[in-house]
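Survey of secondary and tertiary structure
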Amino acid sequence: MQRGNRTIAVNAEKQRAILATLLLSANRVVLADDLMERLWEDRLPRYARASLQTHLARLRRTLGDVEVIHTIPGGYLIESDQDHLDLLRFRALVDRAARVENAGDLPGELSLLHEALALWRGTALAGIRSDSILRDEVPQLTEEWFRCLHRRFDVELVLGNHDGVVPELRRLVRKYPLRERLCSQLMIALFRCGQQVEALKAFASVSAVLRHEYGLDVGDELERLQHAVLTGDPDLVSVNGYRRGGRDLGTAVSSWTTPRQLPVGISDFVGRTELLKRVDTVLDPGGTGSMAIVTLTGPAGVGKTTTAVRIAHHVQDRFPDGQMYVRLNGTGEHPRTPAEVLGELLEATGLSLPAIPEGQEQRSALFRSRLADRRVLLVFDDVRDVEQVRPLLPGTRTCAVLITSRRLLSALAGTVSERLVCLSKRESLDLLTVLAGRRRVQEEALAAEEIVAACGYLPLALRIAGARLAAQPLARLGSLAARLQDGHRRLDELRISDLDLRRSLERSYVALDSPARAAFRRLGLLSDTVVTPLTLAALADPADERLADRLIEHNLLEPVGLNTLLDPTYRLHPLSSLYAAGLAEHDDPVITSAALRRYTDSILAFAERASGHLPRAVGQLPPESGIGAPVPAHDISRVDERPWRWLAAERDHLRAMVVRCCRYGWHERAARITEIIAQLASHSDDLATLIRLCIVVRDTAWANGDERTGWRAEHCRALLLLRQGRVSESHRLIVKCVSNFERLEAAGELPYSLAVLAFVSVTRSKAGDGLALAKRAYQLARGLSDPHAEVLALGTTADALLGLRRKAEARAALERVLRQSRELGETRLEAVTLNRLGWSSLRVGDLRSAPLRAHEARELTGIGDRYGKARPLALLGAVALEQGQFAEAMRLAEESRRTFARLGDTCGEAEVACLEGEIHLQAGRARDAVALLVPSLSRLNELGAYRVRERASRILAQANIALGEHQRGGRWAGEFAARSLRRDGRSGAA
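Basis of the calculations
For every chain, the first residue of its written sequence is number 1, and the numbers climb from 1 along that sequence. With the structure being a predicted model, the display of local features is reserved for residues of pLDDT at least 70 and the display and counting of side-chain atom pairs for 80 or more, all residues being used for whole-chain, interface and lining totals. Here the side-chain values reflect all heavy atoms present in the structure, with hydrogen atoms and water set aside. In this text, helices come from DSSP runs of H or I with a minimum length of four residues, and strands from runs of E with a minimum of two, each type numbered from the N-terminal end. We compute the radius of gyration from the C-alpha atoms alone; for a globule the expected value is 2.2 Å times N to the 0.38, where N is the number of residues. Whether two residues are in contact is decided by their heavy atoms, any of which lying within 4.5 Å being enough. Using a 1.4 Å probe, accessible areas were evaluated by the Shrake-Rupley method; residue-level cover was limited to the displayed protein chains. DSSP-based pairing: two strands are paired if at least 2 bridges between them are found. Angles shown run from 0 to 180 degrees and are taken between the N-to-C directions of axes, each axis being a line fitted to C-alpha atoms and, for helices, limited to the stretch in contact. Any carboxyl oxygen of Asp or Glu that lies within 4 Å of a side-chain nitrogen of Lys or Arg is treated as forming a salt bridge with it. The classification of residues rests on relative accessible area computed with a 1.4 Å probe and restricted to protein chains. Under 20% of the type maximum is buried, over 50% is exposed, and intermediate values are partly exposed. Patch membership needs two things, relative accessible area over 30% and no salt bridge, and members are linked within 9 Å if like-charged or within 5 Å if nonpolar (Val, Leu, Ile, Met, Phe, Trp, Tyr). Neither His nor the chain ends is counted toward charge; the positive residues are Lys and Arg and the negative residues Asp and Glu. Here the site of a charge means atom NZ of a Lys, CZ of an Arg, CG of an Asp or CD of a Glu. Counting of polar contacts relies on pairs of N or O atoms within 3.5 Å, with two restrictions inside protein: one atom must be capable of donating a hydrogen and the other of accepting it, and residues adjacent in sequence are counted only when both atoms are side-chain atoms. The predictor attaches a confidence to each residue, called pLDDT, with possible values from 0 through 100. The definition used for a disulfide is geometric: two cysteine sulfur atoms within 2.5 Å. Stacked, tilted and edge-to-face are the three classes applied to pairs of Phe, Tyr and Trp rings, where Trp contributes its six-membered ring and a pair requires centres within 6.5 Å; stacked means planes under 30 degrees apart, edge-to-face means over 60, and tilted covers the rest. Remark: a charge is flagged as sitting over a ring if the NZ atom of Lys or the CZ atom of Arg is within 6 Å of the ring centre and within 35 degrees of the ring normal. To define a nonpolar core, start from buried Ala, Val, Leu, Ile, Met, Phe, Trp, Tyr and Cys residues and group those joined through side-chain atoms within 4.5 Å.

**Looking at the overall build of the chain**
When helices and strands are tallied, the chain shows 48 helices and 14 strands. Taken over C-alpha atoms, the radius of gyration comes to 40 Å for the chain, far larger than the 30 Å a tight globule of 990 residues would show. By principal-axis analysis of the C-alpha atoms, the chain measures approximately 135 × 70 × 55 Å. Of the contacts formed within the chain by residues at least 6 apart in sequence, a portion of 68% connects residues at least 24 apart. Surface accessibility of the chain: about 43500 Å² in total, with carbon and sulfur atoms responsible for 50%.

Put into structure tokens, the structure is as follows:
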């Protein structure tokens with residue numbers, strides 16, 4: 001590389017490869033991903049992007065100017081004019097030569113061709129050690145050189161310089177015996193020099209090399225030329241070797257017919273507004289220094305062809321020399337060859353069949369010459385890959401190319417790629433309205449929404465549904481919507497005439513290699529699960545790191561973003577997922593089951609690892625061990641850094657896994673996942689869904705003869721019912737759990753169920769029973785040396801002592817629970833205990849300690865438990881009430897009650913309502929207290945929350961006394977009125 005008078009040597013291999021790649025795409029942005037592929041192909045190092053940046057920094061230092069290589073969003077750029085880069089100057093000279101040729105100035109053309117060829121010094125990129133560059137770029141550059149060389153010899157022969165070119169042609173034929181065009185030019189030159197025998201010897205020499213070394217025969221063109229030499233044909237000429245039909249091919253080349261081949265556009269096109277705007281600015285002939293190439297990619301049925309035709313009609317006036325449209329059948333059984341398509345395109349420009357050369361290279365060169373300096377729009381639909389379309393590209397910036405393909409064509413340099421996605425819900429309804437009729441859609445708006453959702457907002461599916469409705473104008477939309485809800489028959493419903501969604505998906509599927517097909521089928525087993533590299537590794541071949549790339553390349557997998565571990569995530573379109581699931585049904589069930597088990601165990605391993613860093617839910621059973629697989633070593637630190645975020649993000653995924661495990665009879669895995677989900681349960685969870693999962697797990701475990709696991713699921717369900725405030729239901733269920741754990745001699749589970757039963761008993765105003773149960777749980781825990789069960793039992797002992805008004809003993813027990821829960825890392829129990837101690841301090845008038853305890857509990861909100869927020873807020877509200885700050889007290893209480901309402905915890909909500917009633921009463925608003933508490937009493941009685949009911953009754957009785965209406969509180973209000981008046985202070989909440 002020259003910089004002024006100084007030669008700069010770039011010796012490092014990686015730097016040379018980067019520089020070569022950037023220079024080959026001078027004045028165009030090269031994506032960072034493409035550079036990484038150039039450097040490492042499919043063997044990317046772990047930190048490939050960082051390594052690339054390091055090599056670029058070193059290259060900039062080597063070049064001595066950091067501004068040479070510009071960093072652009074997503075990639076890098078080197079800017080250069082044609083005078084500073086040989087390749088650009090060569091191409092500019094070739095273009096000028098083509099224009100001079102059209103003007104009929106052959107000597108001028110020859111001079112320009114000589115100047116262009118003089119820029120070549122040896123083999124292109126000879127000093128670059130990059131397999132991908134040598135494979136992808138060098139052949140293309142070599143072809144450009146040969147095209148220029150062939151044209152130069154053609155012009156030399158037309159100008160009569162046959163004597164001067166013979167030595168050079170002899171040398172080149174020996175060096176490149178497979179280039180039959182060189183042999184034909186040598187034969188013509190020798191024949192014109194009167195050396196007919198030498199011309200035939202040249203033919204024989206090339207024929208022998210082809211036959212003996214490659215087992216090939218010479219081409220038809222060379223055979224016809226041999227016959228012409230043998231017969232002494234006087235009409236041998238320079239353009240193609242001889243005259244055909246008495247007409248000079250040079251004359252045929254100069255004619256032009258303007259093609260108008262665009263298919264008819266559709267009138268019901270909807271959506272794609274922003275995409276149409278972006279592409280409109282790109283398809284400006286001559287607007288930039290290079291030809292505009294736009295690639296529309298996307299999954300089957302997303303509307304690539306329709307969009308391309310729409311765009312082409314919109315911009316056709318910018319291309320007065322014609323618009324060409326060719327369908328390349330890339331997804332069909334017989335994709336069209338570039339040579340075949342080139343022949344069709346050349347004929348469309350006005351060439352007669354005899355004037356079209358046979359070879360692909362010659363056709364491609366002639367096509368570029370035909371389009372030089374013309375404004376033509378080319379639409380290539382359904383392209384298979386880059387190799388199919390690259391020979392069809394014109395070489396002038398005044399043309400533009402629009403390509404549709406199901407595969408990503410990222411290797412096609414200089415293209416602007418647009419990935420089409422499904423329509424929005426509104427656009428989908430608009431399309432269905434156009435197809436089925438506005439009145440029908442308006443009359444059955446809900447059914448219309450169900451139809452577009454079942455179609456996955458995919459244009460092809462929507463067109464099929466709309467066509468079916470249009471064919472039956474009296475049919476109800478609800479009928480089709482109902483049929484589409486059945487996932488097993490949905491793809492069968494989405495078919496009419498030649499529109500068949502299943503067949504369209506099949507064409508994408510069969511284009512995959514065998515490992516990618518297997519991975520795609522197994523992804524269908526996961527329904528609409530978000531896919532990660534871990535998913536593919538578990539379901540398919542863990543050693544194949546490019547599976548996701550190949551599925552994305554064929555638009556069967558859609559990138560979504562990054563998960564909490566910063567791994568890329570993908571998803572299948574719902575209809576693709578249904579198609580994959582249908583294919584998987586025909587796989588060997590043993591292999592399918594094994595793949596799903598690997599996948600389940602890998603996810604469970606992550607969940608186990610993450611849950612191990614988080615506190616248990618209060619009353620949760622100790623986890624079973626030895627179920628999940630080990631977490632890969634390189635992922636351990638990533639899980640450890642974000643355990644809560646990982647589990648929270650994967651919650652829906654884990655719920656789906658429970659159902660799948662039960663379907664396959666893996667009840668132990670299902671039970672463990674359910675316990676992990678319950679451990680995380682917070683206000684964002686649907687507790688009713690978790691309760692149903694527990695029932696499913698229980699039934700599956702019992703069906704497999706595993707009673708203990710089934711009763712563990714029941715214990716989990718009892719805790720969830722308690723979280724909802726359904727005390728009576730929880731009591732009945734936990735009593736059964738205790739009885740059956742005793743029967744099954746489940747020593748590890750029994751103390752936990754006893755402790756929960758003790759707490760429920762206290763809540764039901766049976767503190768004495770609760771104390772006995774708690775003491776028994778504590779003794780069992782001590783015997784098992786289970787400190788977690790021990791501190792849980794000690795906490796319920798404190799609850800019972802508070803219920804029996806043995807305040808000093810209760811406070812001592814709570815202090816002990818606080819100390820031990822901190823030692824064990826039981827953060828949730830710690831929060832509960834802090835809250836209880838705060839209420840205890842408040843009852844003895846300690847207004848300094850109570851808020852400190854509440855704030856300590858609030859600092860533990862990261863645990864994701866309701867007590868981390870709702871309970872401390874109620875305590876702070878009670879403190880504000882004691883201080884006479886009624887407005888602040890009500891604000892805190894209302895926020896606490898709203899939190900309980902979001903949790904679905906009716907009992908907790910009613911308990912805070914008691915505090916609000918007390919605030920109303922103290923503020924002189926007794927009537928508001930009555931209006932607030934009366935509706936809660938019957939509901940609390942139904943739930944079995946008798947302790948809270950008693951508190952509400954006491955406050956209601958006080959309110960009625962203040963109003964002078966003793967009977968309005970009902971029977972229990974009068975019953976507790978006298979007792980409440982004898983109590984010092986308020987009732988408080990533990």
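**Let's talk about the sheet that holds strand β7 (residues 323–327)**
The strand order across the open sheet built from five strands is β7-β8-β9-β6-β10, with neighbouring strands paired in parallel fashion. The open sheet is flanked by β7 and β10 (415–419), the only strands paired with a single partner. For this sheet the average axis-to-axis angle between neighbouring strands, irrespective of direction, equals 15 degrees.

**Focus: the pattern of salt bridges**
Scanning the entire structure with this criterion turns up 60 salt bridges. When the shortest N-O distance is used, the salt bridge between Asp500 and Arg503 registers 3.7 Å. Asp500 gets classed as buried once you look at its relative accessible area, which sits at 12%. Since its relative accessible area comes to 41%, Arg503 is described here as partly exposed. A salt bridge links Arg717 to Glu714, with the nearest nitrogen and oxygen atoms 2.9 Å apart. Here Arg717 pairs with Glu714, and both are found in helix α35 (residues 707–723), just three residues apart, close to one helical turn. Relative accessible area serves as the criterion here: at 15%, Arg717 is assigned to the buried category. Since its relative accessible area comes to 3%, Glu714 is described here as buried. Each of Glu608, Glu624, Arg672, Glu675, Arg708, Arg712 and Glu749 takes part in salt bridges that share partners, so that together they form one network.

**Looking at a positive patch on the surface**
A cluster of like positive charges, contributed by Arg858, Lys869, Arg898 and Arg902, occupies part of the molecular surface. Residue placement: Arg858 occurs in helix α42 (residues 849–858).

**Points about the sheet that holds strand β5 (residues 75–78)**
The strand order across the open sheet formed by three strands is β3-β5-β4, and the pairing between neighbours is antiparallel. Either end of the sheet is taken by a strand with one partner, and the two such strands are β3 (30–31) and β4 (69–72). Across two bridges, β3 lies against β5 in antiparallel orientation. Across the sheet, Val30 pairs through a bridge with Tyr76, a residue of β5.

**Focus on the side chain of Arg712**
The residue Arg712 is located in helix α35 in this model. Assessed through its relative accessible area of 3%, Arg712 is described here as buried. At 3.0 Å, the side chain of Arg712 forms a polar contact with the side chain of Glu675. The residues touching Arg712, leaving out its near neighbours within four places in the chain, are Leu621, Pro622, Pro623, Glu624, Glu675, Phe741 and Glu749.

**Things to note about unusual backbone geometry**
In most cases, non-glycine residues show a negative phi, while peptide bonds are predominantly trans. Phi is positive for Asn329, which is not a glycine, with a value near 55 degrees. Overall, the relative accessible area of 28% leaves Asn329 in the partly exposed class. The backbone phi angle of Asn555 is positive, close to 55 degrees, even though this residue is not glycine. Take Asn555: it is sitting in the loop between α27 (547–553) and β13 (558–562). For Asn555, a relative accessible area of 3% translates into the label buried.

**A word on the confidence of the model for the chain**
Confidence in the prediction for the chain averages 83 pLDDT; 91% of positions are at 70 or higher. The least confident element of the chain is helix α12 (residues 249–254), whose mean pLDDT is 38; the most confident is strand β8 (residues 377–381), at 95.

**Considering a nonpolar patch on the surface**
Nonpolar side chains collect at one region of the surface, where Leu178, Tyr214 and Leu216 lie side by side and expose about 300 Å² of accessible area between them. Structurally, Leu178 can be placed in the loop between α8 (162–175) and α9 (180–192). Classification of Leu178 by relative accessible area gives partly exposed; the value is 45%.

**Observations regarding the state of the cysteines**
According to the stated counting rule, one finds zero disulfides in the structure shown. Considering cysteine sulfurs only, Cys422 is the nearest to Cys455, which forms no disulfide, with 10 Å between them. Between Cys716, a cysteine without a disulfide, and Cys694, which holds the nearest cysteine sulfur, the sulfur-to-sulfur distance is 3.8 Å.

**Regarding the packing of aromatic side chains**
Throughout the structure, instances matching the rule amount to ten aromatic pairs. On the numbers, 6.4 Å between centres and 45 degrees between planes, the contact of Trp120 with Trp145 is tilted. Of this pair, Trp120 sits in the loop between α5 (106–117) and α6 (131–136) while Trp145 sits in helix α7 (residues 138–158), and the two are 25 residues apart along the sequence. Put simply, the rings of Phe90, Trp120, Trp145, Phe146 and Tyr176 touch in pairs and so form one group of aromatic residues. Lying across the ring of Phe146, Arg179 places its NZ or CZ 3.8 Å from the centre.

**Describing the side chain of His667**
Tracing the sequence through the fold places His667 in helix α33 (residues 667–680). If we skip the residues at most four places from it in the chain, His667 touches Val697, Thr700, Ala701, Asn704, Asp706 and Thr709.

**Points about the nonpolar core**
With 157 residues, the main nonpolar core has Ile451, Leu501 and Leu551 as its most contacted residues. Sequence-distant contacts of Ile451, that is, excluding residues within four places in its chain, are made with Leu432, Ala465, Leu469, Leu477, Leu480, Ala481 and Leu484. Listed in part, the 38 residues of the second largest apolar core include Leu113, Leu172, Ile188 and Val206.

**A few points about the environment of Leu88**
Relative to the assigned elements, Leu88 resides in helix α4 (residues 86–102). Considering only alpha carbons, one finds Leu88 and Ser25, 63 residues apart in sequence, at a separation of 9.9 Å. What Leu88 contacts, discounting residues up to four positions off in sequence, is Ala26, Asn27, Ser80, Asp81 and Gln82.

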